[in-house]
Amino acid sequence: MFRCFFLNRQWSIWSWLGAAAILSATYYQVHLDVKINEWFGNFYDTIQQALTEPDAVETTDLLLHMLTFGKVAAVFVAVAILLDFFVRHYVFRWRCAMHDYYMSSWEKVRHIEGASQRIQEDTMRFAQLVQGLGTFLLRSVLTLIAFQPLLWELSKQVKVVPVLGEVDHVLIYVAIISAIIGTLLMALVGIKLPGLEFNNQKTEAALRKELVFGEDNIQRAQPESIRQLFRSVRSNYLTMYRHYLYFDLMKHSYLQLSTLVPYIVLAPTIVSGAITLGVLQQILRAFNKVEGALHYLVFSWASIVELISVYKRLKGFENQMIELDRQEGLTGYAS
């Protein structure tokens, strides 16, 4: 899955230079996001001044603020569109490398159960999942690197928090603790999902295989055998849905409650009037960015579960390929 792309000279430009291009573009995108966060601070300070001091702000000044945002936002949108376009091509090239590698041994592996599904469907799903999870992970890491110092600096203006009193840089610690609690909670309640997803694919593969045989052999895919195979599919899905029920309950409950966390921490600072509306908006956005970056597993757990299942199937397929090569080598040596 990895060597055929990153250690293959044919794909070296795409794999390494492409990865560097994605890293650079994502970093620039996060840099623009920091600029937008600064803009919100100035914009809301202007709004606060306009609301508290009538005629202190000209309409043209407010519109010029919006024009400044439009320029930064236009660049952000352009970078986002081009980056997504390039990432899709990058991951498809990865799939091409996997396809070429597996097909190079097709004559030997064609008899392995599920070989066609591994080469066609699982490489496709692997590429799609890597695209989503990989870009989200990269953006989360770079967002954390960019916004953590900003939140650290903004935290200096928060002098007192409920219950604990004075705590230096408390927002950083609250964001980290909140994300750790959410991540551990999701890992705990979702611990059975990878195995269920793997079993789900096995039952689906068995049903698909029997139907394919039934296309050419009238003795296969009879109603009773299909009914039994589909019963296994149904049973596994219903079990998986039950587990996703409490997983989704905990996930969405946690995410809704976590939106109140910064307001609770900032409550004494807000009521004392120690910060302006613009600074409050900067703090909230920076806090949400840092906490959101740390929430990677919370947001991605369902996709990670699916990727684990796909990885296990492809890894098993590759192990069978290696074993066939080993047996072929032993046969050649013996002859």
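- Going by the annotation in an unreviewed UniProt entry, the name recorded for the chain is Transporter, with Vreelandella aquamarina given as the source organism.

1. Comments concerning the overall build of the chain
Step number 1: Each helix and strand counted, the chain has 11 helices and zero strands in total.
Step number 2: Going from N to C terminus, the chain has its helices and strands arranged as α-α-α-α-α-α-α-α-α-α-α.
Step number 3: For a compact globule of 335 residues, the expected C-alpha radius of gyration is about 20 Å, and the chain comes in at 27 Å, more than 25% above that figure.
Step number 4: Counting only C-alpha atoms, the chain reaches 90 × 45 × 40 Å along its principal axes.
Step number 5: A total of 335 residues make up the chain; the buried ones form 37% of that total.
Step number 6: The contacts in the chain between residues at least 6 apart in sequence include a share of 81% that link residues at least 24 apart.
Step number 7: With the model as given, the accessible surface of the chain reaches about 19,300 Å², and the carbon-plus-sulfur share is 64%.
Step number 8: Separation of charge centres in the chain, based on 30 positive and 29 negative side chains, amounts to 8 Å.

2. A closer look at the packing of helix H5 (residues 115-154) against helix H7 (residues 193-216)
Step number 1: Two elements in contact, H5 and H7, have axes separated by 13 Å at closest approach and are oriented at 140°. Relative to H7, H5 is oriented oblique. Crossing handedness for the pair H5 and H7: right-handed. Of H7, the residues touching H5 (which contributes Gln117, Glu121 and Arg125) are Glu197, Gln201, Ala205 and Arg208.

3. Re helix H6 (residues 170-189)
Owing to its 3.6 residues per turn, the α-helix aligns residues three or four sequence positions apart on the same side.
Step number 1: For H6, which comprises 20 residues, the first-to-last C-alpha distance of 29 Å matches the rise-based estimate of 28 Å (1.5 Å per residue) to within 8%.
Step number 2: Those residues of H6 that sit buried are Val170, Leu171, Ile172, Val174, Ala175, Ser178, Ala179, Gly182, Thr183, Met186 and Val189.

4. Quick look at the packing of aromatic side chains
Step number 1: Taken as a whole and assessed by the stated rule, the structure comprises 21 aromatic pairs.
Step number 2: Ring centres of Trp152 and Tyr173 lie 6.5 Å apart, and the angle between their planes is 80°; this geometry places the pair in the edge-to-face category. Highlighted residues: Trp152 in helix H5 and Tyr173 in helix H6, separated in sequence by 21 residues.
Step number 3: Here the aromatic cluster, defined as three or more aromatic residues joined through ring pairs, consists of Phe2, Phe5, Phe6, Trp11, Trp16, Tyr90, Trp94 and Phe126.

5. A few points about the nonpolar core
Step number 1: In terms of nonpolar packing, the biggest core is built from 26 residues, with Phe5, Trp94, Met98, Tyr102, Phe126, Leu314 and Phe317 touching the most fellow members.
Step number 2: Sorting the residues of this core by element identifies helix H1 (3-6), helix H3 (59-103), H5 and helix H11 (296-334) as the ones contributing at least two each.
Step number 3: Per-element accounting of this core gives the leading share, eight residues, to H3.
Step number 4: Within the second largest apolar cluster, 22 residues are counted, among which are Val174, Val265, Leu284 and Ala286.

6. Re a nonpolar patch on the surface
Step number 1: Taken together, Trp152, Tyr173, Ile177 and Ile181 make up a surface patch of nonpolar side chains, about 390 Å² in accessible area.
Step number 2: Sorting elements by how many residues they give to the nonpolar patch places H6 first, with three residues.
Step number 3: Classification of Trp152 as partly exposed rests on a relative accessible area of 31%.

7. Some remarks on the environment of Ile172
Step number 1: Position of Ile172 among the secondary structure elements: in helix H6.
Step number 2: Note: C-alpha distance between Ile172 and Trp152 (20 residues apart in sequence) is 6.3 Å.

8. Things to note about H7
Step number 1: With 24 residues, H7 ought to run about 34 Å at 1.5 Å a step, and its terminal C-alpha atoms sit 36 Å apart, in line with that.
Step number 2: Regarding H7, the residues found buried are Leu193, Pro194, Leu196, Glu197, Asn200, Gln201, Thr203, Glu204, Leu207 and Glu210.

9. Some thoughts on the pattern of salt bridges
Step number 1: Under the counting rule described, the total for this entry stands at seven salt bridges.
Step number 2: A salt bridge links Asp33 to Lys289; the shortest N-O distance between them is 2.6 Å. Placement of Asp33 in helix H2 (residues 12-52) and of Lys289 in helix H10 (residues 277-294) is noted, with a sequence separation of 256 residues between them.
Step number 3: Given a relative accessible area of 26%, Lys289 falls into the partly exposed group.
Step number 4: Here Glu153 makes a salt bridge to Lys156, at a shortest N to O gap of 3.2 Å.
Step number 5: One continuous salt-bridge network, built from bridges that share partners, spans Asp33, Arg285 and Lys289.

Calculation criteria
- Sequence order sets the numbering: in each chain, residues are counted from 1 along the sequence as written.
- Totals for whole chains, interfaces and linings use all residues, but because this is a predicted model, local features are given only for residues with pLDDT of at least 70 and pairs of side-chain atoms are given and counted only at 80 or more.
- Computation of side-chain values covers all heavy atoms of the structure but excludes hydrogens and water.
- Helical segments are the DSSP runs of H or I of at least four residues, strand segments are the runs of E of at least two, and each set is numbered from the N terminus.
- We compute the radius of gyration over the C-alpha atoms and compare it with the globule rule, which gives 2.2 Å times the number of residues raised to the power 0.38.
- Relative accessible area decides the class of each residue, using a 1.4 Å probe on protein chains only: under 20% of the type maximum gives buried, over 50% gives exposed, and in between gives partly exposed.
- Note on contacts: a residue pair qualifies if any of its non-hydrogen atoms lie within 4.5 Å across the two residues.
- Per-residue and other accessible areas were derived by the Shrake-Rupley procedure at a 1.4 Å probe size, with only the shown protein chains allowed to occlude residues.
- Note that His is not counted, nor are the chain ends; the positive residues are Lys and Arg, and the negative ones are Asp and Glu.
- In this description, the location of a charge corresponds to atom NZ of lysine, CZ of arginine, CG of aspartate or CD of glutamate.
- Orientation is described by lines fitted to C-alpha atoms, with helices fitted over the stretch in contact, and by angles between N-to-C directions that extend from 0 to 180 degrees.
- Oblique is the label for every angle not falling under 35 degrees (roughly parallel), over 145 degrees (roughly antiparallel), or within 65 to 115 degrees (roughly perpendicular).
- Crossing chirality is assigned from the near helix's rotation relative to the far helix, an anticlockwise turn below a right angle marking it left-handed and a clockwise turn marking it right-handed.
- Expected span of a helix: the number of residues minus one, times 1.5 Å.
- Whether two aromatic rings pair depends on their centres lying within 6.5 Å, for rings of Phe, Tyr and Trp, where Trp uses its six-membered ring; planes under 30 degrees apart make the pair stacked, over 60 edge-to-face, and the rest tilted.
- What is meant by a nonpolar core is a set of buried Ala, Val, Leu, Ile, Met, Phe, Trp, Tyr and Cys residues, joined one to another through side-chain atoms within 4.5 Å.
- The patch calculation keeps residues exceeding 30% relative accessible area without a salt bridge and links them within 9 Å when they carry like charges or within 5 Å when they are nonpolar (Val, Leu, Ile, Met, Phe, Trp, Tyr).
- Every case where a carboxyl oxygen of Asp or Glu lies within 4 Å of a side-chain nitrogen of Lys or Arg is listed as a salt bridge.

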